[in-house]
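Residue-level listing of the chains:
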Amino acid sequence: MTSLSVQSIFQRLSRYGRTLVIAVPLWWLIVFFLIPFGVVAKISFAEAVIARPPYSPLLEWMEDGGVAIKLFFENYVRLIEESLYIKAYWSSIKVAFVSTLISLLVAYPMAYYIARTNERRRNVLLMLIILPFWTSFLLRVYAWIGILKTNGVVNHILMSLGITSEPLVMMQTNFAVYVGIVYTYLPFMVLPLFTNLVKLDNSLLEASADLGANPVTTFFRVTLPLSVPGIIAGSMLVFIPVVGEFVIPALLGGPDTLMIGKVLWNEFFYNRDWPAASAVAIVMLILLVVPIMLLRNAQSASSEASS
Amino acid sequence: MKKTSWFVAIATTLGFAFLYIPIISLIIYSFNKSKLVTVWGGFSVKWYGKLFSDPQILGAAWISLKIAFMSASLALVLGTLASFVLVRFRRFIGKNLLGGMITAPLVMPDVIIGLSLLLLFVAMEATLGWPAGRGLTTIIIAHTTFCMAYVAVVVQSRLVDMDESLEEAALDLGARPVRVFMDVTLPAISPALVSGWLLSFTLSLDDLVIASFVSGPGASTLPMVIFSKVRLGVSPDINALATIIIVLVAIGVIIASTQMKPKKSS
């Protein structure tokens, strides 16, 4: 009840002050986050022209005073007709899916260990998980170039140990892209899993053991099902941004690494085709609606569980 | 404490090794005399010297620091307001909208945020005449928008955990709501404010994609300069830059965590 009464007292803020406090962040986000999507949608129906800005107006004033709306669907037709785009969308989703799965497999034992260890060690390990997140993402991706390239650290070690005689080609391959993505997004997977696993009730595990289940059975029948909200939250935090990832495929991938974030970048910066880039962005947004809804549900479920 | 199996312990160790080997290799090779990654040419700090005599990098670093300072401060104010409104106000028109918009930038791909803001700025310039051209201002607006989402996440969880009876007592004693917010709420959530600001500062300092879209001539940020350099391959002066950043961040995080612990227990 205390929360209700504090809330009702804060309601007593003068109506003017209250409106102002709400309006400032709300309008900032409407203007600089919501409306831009509308602008992108609008320009995705424009035609690319050589001008400043490089797209045709949608509304044209006619000589008789009327307004003509010119919608140009060609950008979307191209997305379907040119196999490059469909391939890029498909391979982005594939890369995002596979790297989410790998991150989950790597992160789960780490999150489990951190959740089960004593409090002092837990705080240190959590700090070690968060620390890379604070250092430059770009520089950490760059570090992999030195490790994976033909005369890099890994090949040097492999060859001096006599495991391979020829250097392995790892840079500019999809392998390097996967390594970079899993490496970059691992903390995003570990943290929600940890938040979930740390709340796991020990008595459930003991009950399962008392009833004769071995640890593996207990894991698959008790721990894993209970951690589903954490798995969903972590997976979506990795999957959604990876679909549109640009930096990692640009630095570690090769010319045949096709990802939609890179396609959008090239349309915009090299072809200067703003309407095509907008259409690419709109389709990407539509693809991401379901994962974003999943994430929001998982987050509200976990905040309800904790309150 | 519960015992965990050997498998879990080994997997965890390997996971941490995976996280830290690239960082450690960056630091080691920043002191390498040789330009080649694999050849150890002896200890040297010459790349640091080269870094500090490169006007392009120094200029970009200064621009990035200015942008990061401005964006983090703006994002702190806006993000704190948003989370206060979401946690403490019961119901208002647009609450769901605000809640959705404040979390969406966390996962939205950078290319979409960058492109959409650029198109907005271009359309605004055509119709309103502001912002005239693109540069520092547009980058600061863009960074503020996605950083306030991170501030909101940090501050919201602190507000939810906070003991509301303090605010209630102050209100009962006749303090005005604004006073209560300034004198009770803000000090109680100050650790979250500090980490929200620092997080925004580092995120802004680190952003390549959004800044590339909304930047204009003469406003190249540090990540933009780094990206154009490393695209051509490994350059050891970037290793030196990375080492400086890593050391500064590590010191900051360690100080922050020792500063925050006594407050928690009391």
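Residues numbered from 1 in each chain as written. Chains lettered and ligands numbered in written order. Predicted model: local features only at pLDDT ≥ 70, side-chain atom pairs only at ≥ 80, totals over all residues.

Okay, the overall build of chain A next. Looking only at helices and strands, chain A has 14 helices and 2 strands in total. Computed over the C-alpha atoms, the radius of gyration of chain A is 25 Å, more than 25% above the 19 Å expected from 2.2 N^0.38 for a compact globule of 307 residues. Principal-axis analysis of the C-alpha atoms places the extent of chain A at approximately 85 × 75 × 35 Å. A fraction of 70% describes how many contacts in chain A between residues 6 or more apart in sequence connect residues 24 or more apart. (Helix = DSSP H or I, 4+ residues; strand = E, 2+ residues; numbered from the N terminus. Rg over C-alpha atoms; globule rule 2.2 N^0.38 Å. Contact = placed C-beta atoms within 7 Å.)

Of the regular secondary structure elements, chain B holds 12 helices and 0 strands. Principal-axis analysis of the C-alpha atoms gives chain B an extent of 70 × 65 × 35 Å. Burial status across chain B gives 42% buried among its 266 residues. Long-range contacts, defined as pairs at least 24 residues apart, comprise 75% of the intrachain contacts of chain B with a sequence gap of at least 6. (Buried ≥ 20, exposed ≤ 12 C-beta atoms within 10 Å, placed from the backbone.)

On to the confidence of the model for chain A. One rule of thumb: low pLDDT means the predicted coordinates there are not for detailed reading. When pLDDT is averaged along chain A, the result is 85; 91% of the residues meet or exceed 70. Element-level mean pLDDT values for chain A span from 54 in helix α1 (residues 2–10) of chain A up to 94 in helix α4 (residues 83–116) of chain A. (pLDDT = per-residue confidence, 0-100.)

A:Ala111, A:Val190, A:Leu264, A:Val280 and B:Leu115 are the most contacted members of the largest nonpolar core, which has 160 residues in total. In this view, A:Leu264 contacts A:Ala277, A:Val280, A:Ala281, B:Val111 and B:Leu115; residues no more than four positions away in its chain are not counted. (Core = buried A, V, L, I, M, F, W, Y, C linked by C-beta atoms within 7 Å.)

With that settled, consider the confidence of the model for chain B. All names here are of chain B. Here chain B averages 86 in pLDDT, and 94% of its residues register 70 or above. Across chain B, element-level confidence peaks in helix α10 (residues 209–214) with a mean pLDDT of 95 and bottoms out in helix α12 (residues 236–265) with 75. The ipTM value of the predicted complex is 0.87, and its pTM value is 0.88.

This part takes up the packing of helix α9 (residues 202–210) of chain A against helix α10 (residues 215–226) of chain A. Residues and elements named next belong to chain A. Direction vectors running N to C along α9 and α10 enclose 140°, while the axes themselves pass 10 Å from each other. Taken together, the axis directions place α9 and α10 in an arrangement best described as oblique. The crossing of α9 and α10 is right-handed. Along the contact surface, α9 presents Leu204, Leu205, Ser208 and Ala209, while α10 presents Thr218, Arg221 and Val222. In terms of residue class, the contact of α9 with α10 is built from 4 nonpolar, 2 polar and 1 charged. (Axes fitted to C-alpha atoms, helices over the stretch in contact; angles between N-to-C directions. Parallel < 35°, antiparallel > 145°, perpendicular 65-115°, else oblique. Left-handed = near helix turned anticlockwise from the far one by under 90°. Nonpolar A, V, L, I, M, F, W, Y, C, P; charged D, E, K, R; others polar.)

A few words now on the interface of chain B and chain A. Contact residues are listed per partner, giving 71 residues for chain B and 79 residues for chain A. Looking at the side of chain B that touches chain A element by element, the count peaks at 13 residues for helix α1 (residues 6–30) of chain B. Tallied by class, the residues present in the side of chain B that touches chain A amount to 51 nonpolar, 12 polar and 8 charged.

Next up on the list: unusual backbone geometry. Here the bond from B:Trp130 into B:Pro131 is cis, since omega is -5°, no more than 30 degrees from zero. Inspection of the secondary structure puts B:Pro131 in the loop between α5 (110–128) and α6 (136–161). Although it is not a glycine, A:Gln172 sits at a positive phi angle of roughly 60°. You can see A:Gln172 is positioned in the loop between α7 (153–160) and α8 (174–197). Using a count of 19 C-beta atoms within 10 Å as the deciding quantity, one classes A:Gln172 as partly exposed.

Residue and element names in this part refer to chain B. By the secondary structure assignment, methionine 182 is in helix α8 (residues 177–188). Exposure remark for methionine 182: the 12 C-beta atoms within 10 Å place this residue in the exposed category. Residues methionine 182 and threonine 13, spaced 169 residues apart in sequence, show a C-alpha to C-alpha distance of 45 Å.

For helix α9 (residues 190–206) of chain B, built from 17 residues, the straight-helix expectation of 24 Å at 1.5 Å per residue is met to within 8% by its first-to-last C-alpha distance of 24 Å. Where α9(B) is concerned, the buried positions are B:Ala192, B:Gly196, B:Trp197, B:Leu199, B:Ser200, B:Phe201, B:Thr202, B:Leu203, B:Ser204, B:Leu205 and B:Asp206. Where α9(B) is buried, its residues contact α5 (119–134) and α6 (137–148) of chain A together with α3 (55–88), α6 and α11 (222–230) of chain B. (Expected span 1.5 Å × (residues − 1).)

Time to look at the environment of A:Ile22. Structurally, A:Ile22 can be placed in helix α2 (residues 15–43). You can call A:Ile22 buried: it has 21 C-beta atoms within 10 Å. Those residues within four positions of A:Ile22 in sequence are excluded, and the remaining contacts are B:Val85, B:Phe89 and B:Phe92.

A separate point is the environment of A:Ala115. Residues and elements named next belong to chain A. Mapping alanine 115 onto the fold places it in helix α4. Given 22 C-beta atoms within 10 Å, alanine 115 falls into the buried group. The sequence separation of alanine 115 and tyrosine 89 amounts to 26 residues, and the corresponding C-alpha distance is 37 Å.

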